[in-house]
Amino acid sequence: MSKFLWSYLLISPAVLGATLVVSSSAMAADAQQAADALNPPAAKAETAETSEAKLNALAAVSETTAASEPVEEISQAAGSETHAAIADSATAATESAIVGANTAPAEANPQAALQPTSESLAAAGPTVTQPVENSAPAAQLETPAPAATALPEQIGAAQLETPAPAVAESAAQSLPKPAESLAQTAAPQEQNPAATLEQLNQYTSEGAAGGETEGQVTSVSQLSDVRPTDWAFQALQSLVERYGCIAGYPDGTFRGNRAMTRYEFAAGLNACLDKVSELIRGGTGNFATRDDLAALQRLQEEFAAELATLRGRVDALEARTAELEANQFSTTTKLTGEAIFALSDDFGGKVGLFGQEGRRLGSDNNETVFQQRVRLNLNTSFTGRDLLLTRLQVGNGRNFNLGATSEGTQTWNVVGRTDNVVALDTLLYKFPVGQRLNVTLAANAVVWDDILPTVNPYFEDFDGGNGALSTFGQRNPIYRLGGGSGIGFDYAFGGRGLLGGVFGPTSLSFGYLASNAANPSKGAGLTNGDYTAMGQLTFTPGRNLQVAFNYNHGYFSRGNFGFDNGLSNGPDSLGGFTGTGVANSLNGLSEGFEGFRARKVVSNSYGAQASLRLNPRFILGGWAGLTNARILGIGDARIWNYAVTLALPDLGKEGNLLGFVVGREPYLDKLEAPRSLRSFRNDNSYHVEGFYKFQLSDNISVTPGVIWVTNPNQNDHNDDIIIGTLRTTFTF
């Protein structure tokens, strides 16, 4: 009996204190809701006082519990009878406290009386039960009482087992902050959950219309709408390329002028801070020490004079760079050029050559000449991988008076007009499609070596100033059948630039060129006039070997057949930049003569060329070509050409070149025609050429050389052609 009495006396104050806390919390919540509607500022102050009162009540309960040291022993010794009594007493006390708490506010505030009692219990429930959910004694006191009556029972059990400071601290943590609760209750229009959710959805979907999502970029050049002239370009470049914390849109844009939400700002700032933190963590081991700084200071003092000189040179370079940028020709175009000065003479015999008109022509009619040709190339690139080539040309180089043959023609003799009139020569645009395909759009005077690899390094320099002296020595004459305007493709199978030698990659090339594409007349134009179509397969099995096979199909109107790059000079004007006159005119049948009208020609040509680098200073090459020409209305003709080349680069000095060419320029081998038209001679006419290019500087070279042609124009009655040349080339 005494134990039960002491237990009841000790437990009653705790139960009474907890009950008062619950009642006061419910009363404050009910009264506060009505008061807030009338006077929000006053409600906030009262709520703060109510919160302080709750904490004081809990503190008082805690002190009472702490003063009773044997509570834990008594609670543990009590049996099931004791627990039942405690539960009954606590239930009765709680019910009376709840009734009193709900009656007092009703008298003071009639509006508060309208609030249901269950709302007060619900408001107090979460506040009291949270700190004792894990309490073991509370779990033992299982009663079928309502949730509201069980709350004081749990508090009492918790006070019997838990020290007072812990109970006070847990209770304080479980209580909601009155000011925040009041703000959410008093001004619901300011914190509308539906509006907040709608705003969050709007932020989430903003910028994602049409399935757009942002993607990480690694270079500012990936953002198509960002320009170096933008005022924030450098800052954006640093964030993208140095810190990697800027994202762009899938269409490759940044949209710098679009408004940014606070969420986007927070996400971007967080990404940049993470990257900075990562850099700091990774670089802490490389920080300089005091000794390093001292050594650096000593070096600065020791080399002060040199640093000052270097600073002056840098300032001078910056000034020059600024001047160049202010006066530069173009930001996308680079000017390159070549100027050729040539001193030449023909040292042939006195027996002349039979010209087209039957006149005797020979070396007696050729004097020493000094000729020149200048080419200016405007190389324009818009992306860094494409090329717009605009070539201007002027010169006065003429062929020697060698009659009807084109043998021995030199490279600077390939010029449109020979009266020093500036004219547009090559105009083309090359651009890549992917990593392996190059496309060439030919607008004017484009030849096949602009599209296809000619497999003749060192002799072929594409301008004629640093390779072979003769046009025949540059490349297989099949490449000179046709030219003009059209399109070309070059597909590299192994990727470009992988070999690192003088040869290009294995590739497939083909194209179409029309000689009179700009002429709208009947029988001309892009598809109804003279044209050639050519394809080539080039094999490069290694760094030191390259082999190519090609096919050329062409159609030539009257007087336009010849190895002349599609010159289309018409009847009665013999063309050709290489080969005998008999081959270029098909024994006069394509050009016409007195009593015979010129004929149209359809040709099919086949070529093979190879180049072998036995070592870096010994390159052996050569080619062979066959042209089957059908003279419409007459018959078929067959033309051959072949050559062997030997190049010894860097002989005596880097940049020097010793070269030899031996072969036969295009000659007519067979003609199927009426007897009166097929009479021609086919004596062996060989081309022998030797030259030595001496590189004086990076931009100037001097090349002496000799060209010797035996039995010119396939006729052993003609004296040999011997041309001596001293060529000086300036490149810039």
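Within every chain, residues take consecutive numbers counted from 1 along the sequence as written. Local features in a predicted model are, by the rule used here, given only for residues with pLDDT of at least 70; side-chain atom pairs are given and counted only at 80 or more, and totals for whole chains, interfaces and linings are based on all residues. Side-chain figures throughout are based on the complete set of non-hydrogen atoms in the structure, without hydrogens or water.

This part covers the overall build of the chain. When you go through the chain residue by residue, the secondary structure sums to 17 helices and 20 strands. Across the 732 residues in the chain, those meeting the buried criterion constitute 40%. Here the analysis covers contacts within the chain between residues at least 6 apart in sequence; of these, 66% occur between residues at least 24 apart. Per-residue accessibility takes into account occlusion by the displayed protein chains alone, with areas from the Shrake-Rupley method and a 1.4 Å probe. Of the roughly 38700 Å² of accessible surface on the chain, a fraction of 57% belongs to carbon and sulfur atoms. By definition, any uninterrupted DSSP run of H or I lasting at least four residues is a helix, any uninterrupted run of E lasting at least two residues is a strand, and each is numbered from the N terminus. Per-residue accessibility, obtained with a 1.4 Å probe over protein chains only, is compared with the maximum for each type, and a residue is labelled buried under 20%, exposed over 50%, and partly exposed between these values. Should any heavy atoms of two residues lie within 4.5 Å, those residues are counted as being in contact.

Let us now look at the pattern of salt bridges. When a carboxyl oxygen of Asp or Glu lies within 4 Å of a side-chain nitrogen of Lys or Arg, that pair is called a salt bridge. Evaluation of the coordinates by the stated rule reveals 12 salt bridges. In this structure, Arg375 and Asp463 form a salt bridge, with 3.2 Å as the shortest nitrogen-oxygen distance. Here Asp463 lies in the loop between β9 (437-446) and α16 (471-474) and Arg375 lies in strand β6 (residues 369-380), a separation of 88 residues in the sequence. Arg375 gets classed as buried once you look at its relative accessible area, which sits at 8%. Accessibility expressed as a relative area gives 15% for Asp463, which makes it buried. Here Asp683 makes a salt bridge to Arg681, at a shortest N to O gap of 3.1 Å. Its relative accessible area of 17% is what places Asp683 among the buried residues. In this structure Arg681 comes out as partly exposed when scored by relative accessible area, which is 37%. Within the structure, one salt-bridge network assembled from shared partners comprises Arg375, Arg391, Asp425 and Asp463.

Turning next to a nonpolar patch on the surface. For patch building, the residue pool is restricted to those with more than 30% relative accessible area and no salt bridge; the joining distance is 9 Å between like charges and 5 Å between nonpolar side chains (Val, Leu, Ile, Met, Phe, Trp, Tyr). Taken together, Leu335, Leu376, Leu392, Val422, Leu424 and Phe732 make up a surface patch of nonpolar side chains, about 510 Å² in accessible area. Mapping Val422 onto the fold places it in the loop between β7 (387-395) and β8 (423-433). On the basis of relative accessible area, Val422 is assigned to the exposed category, the value being 56%.

Moving on, we come to the confidence of the model for the chain. Residue-level confidence of the predictor is what pLDDT reports, using numbers from 0 through 100. Across the chain, the average pLDDT comes to 75, with 66% of residues at 70 or higher. Here helix α6 (residues 117-129) stands out as the element of the chain with the lowest mean pLDDT, 36, in contrast to strand β18 (residues 687-695), whose mean of 98 is the highest. Of the regions scoring below 50 in pLDDT, residues 31-191 engages in 122 contacts with residues more than four places distant in sequence or in other chains. In this model residues 203-213 is a low-confidence stretch, pLDDT under 50, and it forms 13 contacts with partners more than four residues away in sequence or in other chains.

To define axes, lines are fitted to C-alpha atoms, for helices over the stretch in contact only, and angles between the resulting N-to-C directions are given on a 0 to 180 degree scale. It is the contact of helix α14 (residues 290-302) with helix α15 (residues 304-327), at a shortest axis distance of 4 Å, that shows an interaxial angle of 70°. Relative to α15, α14 is oriented roughly perpendicular. Contact residues: Gln300, Glu301 and Glu302 in α14; Ala304, Glu306 and Leu307 in α15. When its residues are assigned to classes, the contact of α14 with α15 shows two nonpolar, one polar and three charged. The labels follow the angle: roughly parallel below 35 degrees, roughly antiparallel above 145, roughly perpendicular from 65 to 115, and oblique for the rest. Polar here means any residue other than Ala, Val, Leu, Ile, Met, Phe, Trp, Tyr, Cys and Pro, which are nonpolar, and Asp, Glu, Lys and Arg, which are charged; Gly is therefore polar.

In this description, strands pair whenever DSSP reports at least two bridges between them. Bridging between β6 and β7 involves eight bridges; their strand directions are antiparallel. Opposite Val374, over in β7, you have Val394 as the bridge partner. Two successive antiparallel strands, β6 and β7, enclose a turn made up of six residues, where Gly384 displays a positive phi of approximately 95°. Judged from the six bridges that link them, β7 and β8 form a sheet pairing that is antiparallel. Residue Leu389 lies in a different strand from β8, and its bridge partner there is Leu428.

Let us look at the packing of aromatic side chains. What characterises a pair of aromatic rings is the spacing of the ring centres plus the angle enclosed by the ring planes. A pair of aromatic rings is counted whenever rings of Phe, Tyr or Trp (Trp by its six-membered ring) have centres within 6.5 Å, and the orientation is called stacked for planes under 30 degrees apart, edge-to-face for over 60 and tilted otherwise. A full pass over the atoms with the stated rule returns 14 aromatic pairs. Between Phe341 and Phe730, the ring centres sit 5.2 Å apart and the planes meet at 65°, which makes this aromatic pair edge-to-face. Remark: Phe730 occurs in strand β20 (residues 721-731) and Phe341 occurs in strand β3 (residues 333-346); sequence separation between them is 389 residues. Given the relative accessible area of 35%, Phe341 is considered partly exposed. Ring-over charges, as used throughout, are those where CZ of Arg or NZ of Lys falls within 6 Å of the ring centre and within 35 degrees of the ring normal. When the ring centre of Phe694 is taken as origin, the NZ or CZ atom of Lys653, which lies over that ring, is 5.6 Å away. A cation over an aromatic ring shows up here: Arg664 above the ring of Tyr686, its NZ or CZ 5.8 Å from the ring centre.

Let's shift gears to the nonpolar core. By nonpolar core is meant a set of buried Ala, Val, Leu, Ile, Met, Phe, Trp, Tyr and Cys residues that side-chain atoms within 4.5 Å join together. Within the largest apolar cluster, 20 residues are counted, with the highest numbers of intra-cluster contacts made by Phe459 and Phe691. Counting only elements with at least two residues in this core, the list comes to β3, β15 (618-631), β16 (635-649), β17 (657-671), β19 (700-709) and β20. Apart from residues lying up to four places away in sequence, Phe459 is in contact with Gly467, Ala468, Gly473, Gln474, Thr645, Leu646, Ala647, Gly659, Phe660, Val661 and Phe691. Listed in part, the 18 residues of the second largest apolar core include Leu481, Leu586, Phe596 and Ile631.

Looking now at the side chain of Ser585. Inspection of the secondary structure puts Ser585 in helix α17 (residues 581-585). Looking at Ser585, the relative accessible area reads 8%, which means it is buried. Polar contact is defined as a pair of N or O atoms within 3.5 Å, subject to the rule that within protein one atom must be able to donate a hydrogen and the other to accept it, and that residues adjacent in sequence are counted only when both atoms are side-chain atoms. Only 2.8 Å separates the side chain of Ser585 from the backbone oxygen of Gly581, close enough to count as a polar contact. Leaving out residues up to four positions away in the same chain, Ser585 has contacts with Leu574, Ser590 and Glu591.

Note on placement: Asn684 falls in the loop between β17 and β18. For Asn684, a relative accessible area of 39% puts it in the partly exposed group. Residues Asn684 and Asn711, 27 residues apart in the sequence, show an inter-C-alpha distance of 6.5 Å. Setting aside chain neighbours within four positions, we find Asn684 in contact with Arg664, Thr710 and Asn711. There is a polar contact of 3.0 Å between the side chain of Asn684 and the side chain of Arg664.

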